[in-house]
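In case you want the letters, here they are:
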Amino acid sequence: MEERARSCLLRSRATLEQDIKASYLMDHMISDGVLTGVEEERVLRSSEEAAALLEVLLWKDNRAYISFYNALIRESYGDLASLLHNDLPQLSPEGEKSYSNGISPTAVSQVLSAILSEGGVPQRPVVFVNRPALLNKVREKLYKLQNAVGWVTVFGMAGSGKSVLAAESVKDHTLIKECFPDGIHWLSVGQCERADLLVRLQSLCFRLEQSQVSEAPLRPPSSLEEAKERLRFLMLRRFPRALLILDDVWDSYTLRAFDIQCRVLLTTRNRSLTDSVSGQRFSVPVESGLDEEKALEILALYVNGKLHNLPEQARSIVKECKGSPLVVSLIGALLREFPERWGYYLRQLQKKQFQRIRKSSSYDYEALDQAMDASLQVLKKEHRELYKDLSVLEKDVKVPAKVLSVLWGKELEDVEDVLQEFVNKSLLFRDCNQRPYLYYLHDLQLDFLTEQNRSQLALHSKVIRQYQQAYSKGLPTSVDVECLYWYRFLPHHMARAGLSKELYSLMFSLDWVKNKAQIMGSAHLINDYVEYGAILDQENSEVRLQFQEFLSLNGHQLEQRPFPDVVQLALSQPHSSEVYKQALLQAKERANRGQLYLDWVNKSNQESLSRLVLHPHQNSVYYACFSRDGSKIASCGASKTLRVFKSTSGEKLQEILAHDDEVLCCAFSPDDRHIATCSSDRKVKVWNVEKGTLLRVFEDEHEEQINHCQFTNTNRRVLLATCSNDKITNTKPTSQNTMFGHMEPVNHCCFSPDDTYLATSSNDGTLKLFEVQSANEWKSIDINSFFPDNDDETGVMVKCSTWSADGARIFCAAKNTVFMFDVETQDMMLEIRTSRLSTVQYCQACPNSQLLALALSHYTVEVSSPAASLMAECSGHLSWVPCVQFSPKGSLLLSSSDDQTIRLWETERVHTSSAVALKRDFDVVFNQDDITVVAADSKNRLQVRSGVTGSLEFESVKQKSRIRCMCICRQAPAVALGTEDGTVQVLEVPSGNILATLLGHTKTVHHCLFTEDGQTLITSSEDTTVRVWRWRTGECLVLKGHKEPVRKFHLVGFSSSSPALLSWSFDGTAKVWELSSGKKLQDLECHHGAVLSADISLDGQVFSTASADKTAKVWSCTSWEMVFLLKGHKACVRSCRFSWDGKRLATGDDNGEIRLWNMLNGSLLKICSRESKDSMDSFHGGWVTDLHFSPDNKVLVSTGGYIKWWSVERGEALQTFYTTGANLKRIHVSPDFKSFVTIDNIGILYILKQVEGGQL
């Protein structure tokens, strides 16, 4: 060995000895011929195997160093291999030739190994035989993906070696370099439900994102739709020429999750799966398994012999194995250990003694059964029983040795030795691409074990007993693969074991919810409550529903990073909820340890606004619609069925198995006699509604799945429009026109009210309007242009569109926004952004009002109007809402969901229930334990609410002009209000008598405030003036000087005894006025931009201003000079607040960033913000609009899209309260800093009280 290579080994010896597993590495080194069996035995006998291996290695040549290096790469010790990389020796040509059977030591091979390892491509089995003819066929097809996206399908019977063939096909550096330079990414799929599929997609997205340099890790996608879109972005933009390998795909539903216009190699038993996806398709059959010569070669490799030296029984054994690589490997592993038993194992295979309960039409199990039985017989009795325990595992699930250590109650090292024996005998497979290694059974092996252990009850009970013993002190808290296994499968084992009480205890625990949501996300957790709902309901269906609703309504929050405080989220649940009760107990316990929690004390158990909840399908409901007369509803979805029922009662009228695949849309004809359906099977069908009979099938019009269908609105000329992933739109049946123009799949199409135009929405980011008569494109609106900062790079998907009742305006949905355009001019007239971190799945305009319904990904329906923006939020669904529809008269609204339900809402009831919502301009008075809130409601009445429950004490008559500000008089039972027309009124409470009407302002009154004695009322206005009123007499001082609107002011004492007033304005100035005379004392040119906020220190020595020019300034109240210029914010500085001791100033900006400044020298102390921006592209869910310090100056509270409490000393968040709505304007804080009051943009009032320690 070269001296530098030996020196490198010596330098790295301590690190290598600590981390490597010698037995795994020696397997490769023996295969390379650099290590002998005697040397292996010597190493294994040593108590320090790693040290002994390195000692042997130091006396070897360069080939041994290179073999050791490559073994490290193969076994995923990439970090250790990097220690040796720079000192790799060069081989002579003779050495290179003699080493040709191992991995080439050249840089090319090193890169290839790294690519395959990083992509998770499985390694070769213990004994591998090349199948060059099949391999060349697969590679030939893969080369066809060099310049275009598409699918290569390797299909064949179970156990035919498809996975090994797929893995081997990409072990070609030239292929990867020319066709897939962005890498290879392997994903084991298998049979999986929706939640399991989401977990696999999350894992793949995480792996792809890990390889990219990013500012911060993204939260995992919370739904299949979001995961598909995330994967689409990653593959199209970051890995455009990568190959995605999907191993063992069972159904078209799963495959469509990967239909994202990328290059895919998949293995499957079903050749026709790719018929359901878009793009070019190629296939390679592997139907016959191994031919005789290849099977004999495997046997020869196992017994270390030559083909011509095999005994005569070898061919008979191969014949009995029926070409299955799995069975041949099992027999080969037995013969390696017992080379004299050729005849014995042949007789075992010929016995055919096993009779399967479950037979497969595609595979003869008998040979496998005999081989498996023979393999088990040579195991020690103890090991045989351990192996049988593996039947408790689920198909396609890989487990670490640590899980089996718990199951078997053995030391980890002992378990690894047992597993190594199983691997050597081909009874088990090992995935070496991850650390720790993962072990798994082939589906056929698991089938055999399950048949041998038909009573699984005891085995699942054993799993639970062993788990409880291993985790007697509490739930696992790490994030390793062992922990993932228990969080994923513990409920499954409990349910299979019939341990219902243990299942209740687990799933009705907030701790379980918190841990699993953090580790696996909320979607998998919600699925558990659905899957085990029947068992849980036997204990308490109400509690099960409470937990499920909590997860459904907060799922979007649980996907955020950093992970939110689940106890705080749960404190927002109704007081009667078990979720709330557990949260309150934990909050009190943690409050004793100094943690901060807030209880929403005025929340009420509002009754559900749903008029009717229907459960028409046993799977996701993708679409539902009203008949034209409103008497019927049709629905369709993943169950492949069409269902028609009465809209009044939900009584079923028709149920039709409509298609061979998911039904994506349905539509009634104008006369309600017919109904059309379209599907992923690329067919459109028309049915007779009354009889349920099929009238017509259209199957040649589209080449890809058909996303939407709609009939014309009138009977004048009945047409049916359909749109598809093949980028075209068709109208039929009386005449067929094909409308071209879109460059990506078309998601939605709809006729204008008079049927003159057809609107189409596409993934290419455009909304197009076609003339129905000519099929010509009339107008095109580029929605991409309205997202200039879009960082997806994939463009914007336009989900759908809807026409206003008069056809003059059209709405469309994209991302989390709905746009309204003037049809004639194409001008954008309105932009509606959703109230949460969500995406709009669907929108529809009401046919006889200004209302617009939005279906959102965070499981709710929002009702908006162009005039008043958000009007109502309808909660109740437990999963994504892909569709909303108004009834023809607009009186009802339906929503369909992935939770398998359809909800009917009374439009007027939903609308009016939120019509009395409060506005965000409000005032609060704290009086010991009492709280008084005054605010305007959305009907323009003034409300006074009292007590911690916020009960209504007073409600004024509706005001003629919109109320814009209000304040409470502390000295008299009176409130003042200012309106948009400039009027100021003082009302007596609770009589409502008008005590004063003050006229003088000519524009909107923005702020009003009573002085301490209650005799004076001060108002500021859009008319640029401030007015000081003796409100009982009507006397008034007008403070003129500002050139722009005056939004707010402060009363101050300064150093003089005469009270003064500080006002600031959009004109960039701040002015100081003498209150008694109205004299201007100071006029300061503060900023080049608008002054948005100001504050005065408690001692009156300094005041601060915050501006749209991205700076804040501190001013002296004696010299009136600027003391500090505070720079660093990257957006408008919207709020500022001094601490009570005057030592700090907090400033907040429109990016959501909060900065703490030292008032001794103007230096920056801390930046209070999250580690990364949230989904609203902000550190605080929006602008930071208000700030308050606690009296001890240790805590800061801030408002933005939600409320946050911060440690002033550390600059770290102490707690977050997520409001239902967003865009909070201000927060009022009690003097003791224990009560907080705010109102969100939906109009919900929040009275929050700090949770005190103690017991319930």
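As the structure is a prediction and not an experimental result, all values here were calculated from the model.

Teacher, can you tell me more about the overall build of the chain here?
Helices and strands together make up the secondary structure of the chain, namely 33 helices and 68 strands. Taking 1256 residues into account, the globule formula puts the C-alpha radius of gyration at 33 Å, and the chain, at 36 Å, falls close to it. Principal axes of the C-alpha set define a box for the chain whose edges measure 120 × 80 × 60 Å. Burial statistics for the chain: of 1256 residues in total, 60% are counted as buried. Intrachain contacts of the chain at a sequence separation of at least 6 include 54% that bridge at least 24 residues. Charge centroids of the chain, computed over 142 positive and 156 negative side chains, lie 1 Å from each other.

Looking at this model, I keep getting lost on unusual backbone geometry. Mind explaining?
Note on backbone geometry: most residues besides glycine have negative phi, and most peptide bonds are trans. Between Val989 and Pro990 the backbone carries a cis peptide bond, its omega angle lying at 10 degrees. Mapped onto the elements of the fold, Pro990 is located in the loop between strand S44 (984–988) and strand S45 (994–998). Phi is positive for Lys640, which is not a glycine, with a value near 70 degrees. The phi angle at Ala775 is positive, at roughly 65 degrees, despite the residue not being glycine. Tracing the chain through its elements places Ala775 in the loop between strand S25 (766–771) and strand S26 (777–782). Looking at Ala775, the relative accessible area reads 14%, which means it is buried.

Help me out: how do you make sense of the packing of helix H16 (residues 292–302) against helix H18 (residues 325–337) in this one?
Between H16 and H18, whose axes approach to 8 Å, the crossing angle comes to 30 degrees. Here H18 runs roughly parallel to H16, going by the angle between their axes. With respect to the hand of their crossing, H16 and H18 are arranged in right-handed fashion. Contact residues: H16 offers Ala295, Ile298, Leu299 and Tyr302, while H18 offers Val328, Ser329, Ile331, Gly332, Ala333, Leu335 and Arg336. For the contact of H16 with H18, the class distribution of residues is eight nonpolar, two polar and one charged.

What is the right way to look at the pairing of strand S49 (residues 1035–1039) in this model?
Regular strands place side chains that alternate from one sheet face to the opposite one. With five bridges joining them, strand S48 (residues 1026–1030) and S49 adopt antiparallel strand pairing. When the sheet's bridge partners are listed, Arg1030 is paired in S49 with Glu1035. Counted between consecutive antiparallel strands, the loop separating S48 from S49 contains four residues, among which Gly1034 sits at a positive phi close to 90 degrees.

Basis of the calculations
Residues numbered from 1 in each chain as written. Predicted model: local features only at pLDDT ≥ 70, side-chain atom pairs only at ≥ 80, totals over all residues. Heavy atoms only, no water. Helix = DSSP H or I, 4+ residues; strand = E, 2+ residues; numbered from the N terminus. Rg over C-alpha atoms; globule rule 2.2 N^0.38 Å. Buried < 20%, exposed > 50% of the residue type's maximum accessible area, 1.4 Å probe, protein only. Contact = heavy atoms within 4.5 Å. Lys, Arg positive; Asp, Glu negative; His and termini not counted. Charge placed at Lys NZ, Arg CZ, Asp CG, Glu CD. Axes fitted to C-alpha atoms, helices over the stretch in contact; angles between N-to-C directions. Parallel < 35°, antiparallel > 145°, perpendicular 65-115°, else oblique. Left-handed = near helix turned anticlockwise from the far one by under 90°. Nonpolar A, V, L, I, M, F, W, Y, C, P; charged D, E, K, R; others polar. Pairing = 2+ DSSP bridges.

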